Amino acid sequence: MKSPGLRALSLWLLCVVFATPTARAQWQSIGNLDSYTTEQNGVTLKSGATLVRVLILAPDLVRIRVATEGVFLPDQSWAVVKNDWANVAVEVRDSNDELQLATGELVVSIRKRPLRFSFLDRHGRLINKDDEGQGISWSGRSVRVWKSMPQTEQYYGLGEKAGALGRKDRHLTMWNSDIPAYKADTDPLYQSIPFFYGINRGNAYGIFFDNSYWSSFDMGKESPDRYSFGAVDGEMNYYFFAGPSPKKVLERFTELVGRMPLPPRWALGYQQCRWSYYPESRVRALAADFRAKKIPCDVIYLDIDYMEGYRIFTWSKKNFPDPKRMISDLSKDGFKIATIVDPGIKVDSSYSAFLSGSAGNYFLKYPDGRLYTGKVWPGICAFPDFSDANARGWWGKNLDALTSAGVRGFWNDMNEPSVFDVPTKTVDLDVVHNDNGLRTPHSKNHNLYGLQMTQATYDGAKALRPNERPFVLTRASFAGGQRYSAAWTGDNIASWEHLQMAVPMMLGLSISGQPFVGSDIGGFVDSPEGELYARWLQLGIFSPLMRTHTAWDTKDQEPWSYGNDFEAINKLSIELRYRLLPYIYNTMHQASTTGIPPLRPLAFDYPDDGNYTSNSTEFIFGDGLLIAPVLWPGVRSRSITLPAGEWYDYWTGKKHHGRTRVEVEAAIERVPIFAKAGAVIPTQQVLQYSDQAPIDPLTVTVFLADSASYEYYEDDGHSFDYEIGVFAKRSIRLTKNEGKLQLTFGEVRGSYRYPDRSLVIQIVGVETQPNAVSLSGETIPASAGANFGGKQKGWTYDVGSKSVWVKIPDLRTEQIITIR
């Protein structure tokens, strides 16, 4: 949603930046190590009045805290959720010049004069070290640490950042900011995730700076041989992840800050949004058009015009006189309704939300007790203090005005928090937040406000519908925000440049712990032409969040808005999304259990390949697919260098060797997709909405390799019953030896019972037609064509794609398919 004041905000941020310079002369560096005391899993160091606490949380994870005046701040974090770690065997080694803490995976070396940290692997190889001249430093209330920067080291992460995927040679800021129509060099933006990777010659480490004040990361822009990070207030408090792979770093980081809960399956379908679909007749017509045109869609959004005077928790009597009936009617046709939810509560003595919020003391106030107010869409508003558990509970209960009408999705916007007509574009920095009883200023809580609002929304929606997975979407958040919401990249522009920018922005968020990401398809500001929209929609197939959105004053931006030819192309794209839903759902299950996102840079999966250091035009999607979207006008082919291994063209079955450059067709209706040898891709039939019918058949495509393995996951797609074992998991294993292929579907584990259905298997890359196919020793009859003539069992061979197709009943018992 747009809001004014970009120039004013930019000027204010410049003032903040220049008020907190990183120049060495203005910083006091920590001195010599005077003494230390050992404690469980760590040590506390003393240097003058300064204390440094070093805690070994896991064999590959270290926490460093600094109390510059000898007193640590209360140990409370809105990002960190895991505080109870198992004891780690730590060997303390003391010598004249250094103190070492050693685990089975990591050595923390502490030089005594002056006090400097180095991190080494178990073989003694250097991973990371403090800058010799500066190290841990402070200036007044500001804190900072300088690190040595090898020339071969690259940096990634730091959440939502416009521009290049790599962060090297850039100065980046953490301060959640509402900046519509941002550019490639705009910084900061809506979300703050102060976590990054260093990758050097294939080895990775990570650093999470757990400080919510205005902070900055100078990744070599100030000096070519060092980087630094710090904040204007609060503690120097960071976590060091030893790696050595990016995946291990991210798994440990998300173990620390929490992982995305498994989303409802319908939230992975196509979503249609604009500012604004109203009145009711327009929403009904939109839904009818989707179904009449047979273009799949699961979600329709209502923007601010569904409310009475933009007051949250109300419905416009004019635009939506009977929302419950409308939503009920639409739900019968498979649509879920998501509504925008803004934090501003209009100051109005006749408005129940303002009255109850005031009575409960749930709004932000100045230190002297005066109510803070600011202007947003409803006018002059109060703002809930989401750092107060009671205020979050009050907010959640008020969501009943939406859930009782049938609303299923909650789009949290304007929660940087954004405020109109003030230079800072946000709440005054001295306004007090409860902060779990600590009563701290907005300067500490600003970057946390979006996360806290999504927590209130998620918890509230779950309390109102206890066994339904909430879907919350947010514009602003902080590290760990994936525990409560999906995220999108804010108010972008309908341009080819912004289509190109969408890829590294989503990748940056993904590897910073937030796997459920997307961009406004087609662009929010201005209107795309047909080709741009079609290509953006193709990128959306492989964005976990697939949502079209556009602004108030733009042209229609539905899949059919660009003529018959583009309507047909866009329909094919959305149908492909629905075919891939089982694969996408499995990738999201993996993200919810391991933290590894579906969307990943090639540099993340192949950190030792220098070809991918700055690549952000292709990406990995799940463990099996490589996507090469078309990001430029008029392009009808893509030339890319494939990673190591063997790869198949997803569309043709043609096999390619890795580490070679290939050129493939990219007609306007097709996005280039490559499948890794050994990939297992489960798909389904096309549906008009995600739960229109049970999967039947479940199609499993295996791209031939010497061996392959996969764990397939399925559940009811909407409840929390999977947490008590109501799911279906089964292993899928391929072996190849002595001229024989054997594909084993393991016995189903878990108590979820899917309806009776067929299982169709495609094995791509079989060079010659088999002589026979059997199921657990029983011969399967050959069929003519892949439709199997309606029979329960059969097999066939397709010469064009070099594929063997097999159809069998999908039983819960072990099934072994042998191909000779």
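Use the structure listed above.
Structure report, in brief.

Conventions we followed
Residues numbered from 1 in each chain as written. Predicted model: local features only at pLDDT ≥ 70, side-chain atom pairs only at ≥ 80, totals over all residues. Heavy atoms only, no water. Helix = DSSP H or I, 4+ residues; strand = E, 2+ residues; numbered from the N terminus. Core = buried A, V, L, I, M, F, W, Y, C linked by side-chain atoms within 4.5 Å. Buried < 20%, exposed > 50% of the residue type's maximum accessible area, 1.4 Å probe, protein only. Contact = heavy atoms within 4.5 Å. Expected span 1.5 Å × (residues − 1). 1 Å grid on protein atoms, 1.4 Å probe; cavity = no way out; pocket = protein on both sides within 12 Å on 5 of 7 lines; lining within 4 Å. Points joined across faces, edges and corners; volume = space filled by probe spheres on them. Nonpolar A, V, L, I, M, F, W, Y, C, P; charged D, E, K, R; others polar. Axes fitted to C-alpha atoms, helices over the stretch in contact; angles between N-to-C directions. Parallel < 35°, antiparallel > 145°, perpendicular 65-115°, else oblique. Disulfide = S-S within 2.5 Å. Pairing = 2+ DSSP bridges. Salt bridge = Lys/Arg side-chain N within 4 Å of Asp/Glu carboxyl O. Patch = residues over 30% accessible without salt bridge, like charges linked within 9 Å, V, L, I, M, F, W, Y side chains within 5 Å. Areas by Shrake-Rupley, 256 points an atom, 1.4 Å probe, with all protein chains shown as cover. Polar contact = N/O pair within 3.5 Å; in protein donor to acceptor, adjacent residues only side chain to side chain. Phe/Tyr/Trp six-rings, centres within 6.5 Å; stacked < 30°, edge-to-face > 60°. Lys NZ or Arg CZ within 6 Å of the ring centre and 35° of its normal.

Here the amide bond leading from tryptophan 275 into serine 276 is cis, since omega sits at 10 degrees, within 30 degrees of zero. Mapped onto the elements, serine 276 comes out in the loop between strand S21 (270-272) and helix H3 (280-293). Here the residue pair glutamate 416 and proline 417 is connected by a cis peptide bond, since its omega of 0 degrees sits within 30 degrees of zero. Following the sequence through the fold, proline 417 ends up in the loop between strand S27 (409-412) and strand S28 (432-433).

This brings us to the nonpolar core. Counting residues in hydrophobic clusters, the biggest one holds 200 residues, and the most contacted among them are Phe208, Ile345, Trp395, Phe542 and Ile817. With seven residues, the single largest contributor to this core is helix H10 (residues 496-510). When residues no more than four places from it in sequence are discounted, the contact partners of tryptophan 395 are Ile312, Phe313, Val341, Asp342, Pro343, Ile345, Pro384, Phe386, Met453, Ala456 and Thr457. In this structure, Leu99, Leu106, Leu172 and Phe240 belong to the second largest nonpolar core, which totals 43 residues.

The end-to-end C-alpha distance of helix H13 (residues 581-594) is 20 Å, a good match for the 20 Å that 14 residues give at a rise of 1.5 Å each. Most of H13 sits inside the fold, with eleven of its 14 residues counted as buried. Positive backbone phi, at 90 degrees, marks glycine 595, one or two positions downstream of H13.

Attention now goes to empty space enclosed by the protein. Under the defined criterion, the tally for this structure stands at six cavities of 30 Å³ or more. Computed from the structure, the largest cavity encloses a volume of approximately 100 Å³. Contributing to the lining of the largest cavity are 15 residues, with Pro261, Pro263, Tyr458, Pro470 and Tyr484 lying nearest its centre. Of the residues that constitute the lining of the largest cavity, the class distribution is twelve nonpolar, two polar and one charged.

Before going further, it helps to examine the packing of helix H11 (residues 530-541) against helix H12 (residues 564-579). The contact between H11 and H12 brings their axes to 9 Å, and the two run at 5 degrees. By the angle between their directions, the pair H11 and H12 is classed as roughly parallel. Seen from H11, the contacting residues are Gly530, Glu531, Tyr533, Ala534, Leu537, Gln538, Gly540 and Ile541; seen from H12, they are Phe566, Ile569, Asn570, Ser573, Ile574, Leu576 and Arg577. By residue class, the composition of the contact of H11 with H12 is eight nonpolar, five polar and two charged.

With that settled, the discussion passes to the state of the cysteines. Tallied over the entire structure, the rule returns zero disulfides. Unpaired in terms of disulfides, cysteine 273 finds its nearest cysteine sulfur in cysteine 297, a separation of 11 Å.

Time to look at the sheet that holds strand S24 (residues 345-346). The antiparallel open sheet is built from three strands, whose spatial order is S24-S26-S25. Across the chains shown, the open sheet's two edge strands, defined by having one partner strand only, are S24 and strand S25 (374-376).

A sheet is described by the order of its strands in space; here eight strands give the open sequence S2-S3-S4-S5-S20-S17-S16-S13, paired in antiparallel fashion. Sheet topology places strand S2 (35-39) and strand S13 (153-157) at the edges, where each strand pairs with a single neighbour. Pairs of neighbouring strands in the sheet enclose a mean axial angle of 20 degrees, with direction left out of account. Here S2 pairs with strand S3 (residues 42-47) via five bridges, running antiparallel.

Quick look at the pattern of salt bridges now. Throughout the structure, instances matching the rule amount to 53 salt bridges. The salt bridge involving lysine 161 is made with aspartate 187; its shortest N-O contact spans 2.7 Å. With lysine 161 in the loop between S13 and strand S14 (171-174) and aspartate 187 in the loop between S14 and strand S15 (191-192), this pair connects stretches of sequence that are 26 residues apart. Lysine 161 sits in the buried class, given a relative accessible area of 1%.

We now examine a nonpolar patch on the surface. A cluster of nonpolar side chains, contributed by Val347, Leu371 and Ile380, occupies part of the molecular surface with about 210 Å² of accessible area. Tracing the chain through its elements places valine 347 in the loop between S24 and helix H5 (352-359).

In this model H11 runs 17 Å from its N-terminal to its C-terminal C-alpha over twelve residues, within 8% of the 16 Å that 1.5 Å per residue would give. A large share of H11 lies buried, amounting to twelve of its twelve residues. What H11 keeps buried is the set Gly530, Glu531, Leu532, Tyr533, Ala534, Arg535, Trp536, Leu537, Gln538, Leu539, Gly540 and Ile541. The opening residue of H11 is glutamate 529, an N-cap whose side-chain oxygen sits 2.9 Å from the backbone nitrogen of glutamate 531.

Okay, the layout of surface pockets next. The calculated volume of the largest pocket comes to roughly 770 Å³. Forming the boundary of the largest pocket are 35 residues, of which Leu73, Tyr213, Asp233, Gly234 and Glu235 lie nearest the centre. Those elements that provide at least two residues to the lining of the largest pocket are strand S5 (61-67), strand S12 (142-148), strand S20 (236-241) and strand S29 (440-441). Broken down by element, the residue count for the lining of the largest pocket peaks at four residues, all from S5.

The subject of this paragraph is the packing of H3 against helix H4 (residues 323-332). Closest axis-to-axis distance for the H3/H4 pair is 11 Å, and the angle between their directions is 5 degrees. When the interaxial angle is binned, H3 and H4 end up roughly parallel. Residues Glu280, Val283, Arg284 and Ala287 of H3 lie in contact with H4, whose contacting residues are Arg325, Met326, Asp329 and Leu330. When the residues that make up the contact of H3 with H4 are grouped by side-chain class, the tally is four nonpolar, no polar and four charged.

With that settled, the discussion passes to the environment of tyrosine 278. Along the polypeptide, tyrosine 278 turns up in the loop between S21 and H3. By relative accessible area, which is 25% here, tyrosine 278 ends up partly exposed. Separated by 28 residues in the primary sequence, tyrosine 278 and tyrosine 306 have C-alpha atoms spaced 7.0 Å apart. Those residues in contact with tyrosine 278 that lie beyond four places of it in its chain are Asp305, Asn319, Phe320 and Trp552.

Attention now moves to the environment of glycine 717. With respect to the helices and strands, glycine 717 occurs in the loop between strand S46 (707-714) and strand S47 (728-737). As a C-alpha pair, glycine 717 and glycine 658 span 59 residues in sequence and 36 Å in three-dimensional space.

In this structure the tally under the stated criterion is 55 aromatic pairs. Clustering of aromatic rings is evident, with ring pairs tying together Phe313, Phe354, Tyr362, Phe363, Phe386, Trp394, Trp395 and Tyr449. The ring of tryptophan 488 carries the charged tip of arginine 547 above its face, separated from the ring centre by 5.0 Å. When the ring centre of tyrosine 754 is taken as origin, the NZ or CZ atom of arginine 757, which lies over that ring, is 3.8 Å away.

Across the six residues of strand S9 (residues 116-121), six count as buried, placing the element largely inside the fold. A two-sided burial pattern is seen for S9, the buried positions comprising Arg116, Ser118 and Leu120 on one face and Phe117, Phe119 and Asp121 on the other. Hairpin connection between strand S8 (residues 106-111) and S9: a loop of four residues separates the two successive antiparallel strands. Bridging between S9 and strand S10 (residues 126-129) involves three bridges; their strand directions are antiparallel. Looking at the pairing, serine 118 lines up with lysine 129 of S10. The hairpin formed by S9 and S10 contains four residues between the paired strands, and glycine 124 there has a positive phi angle of roughly 90 degrees.

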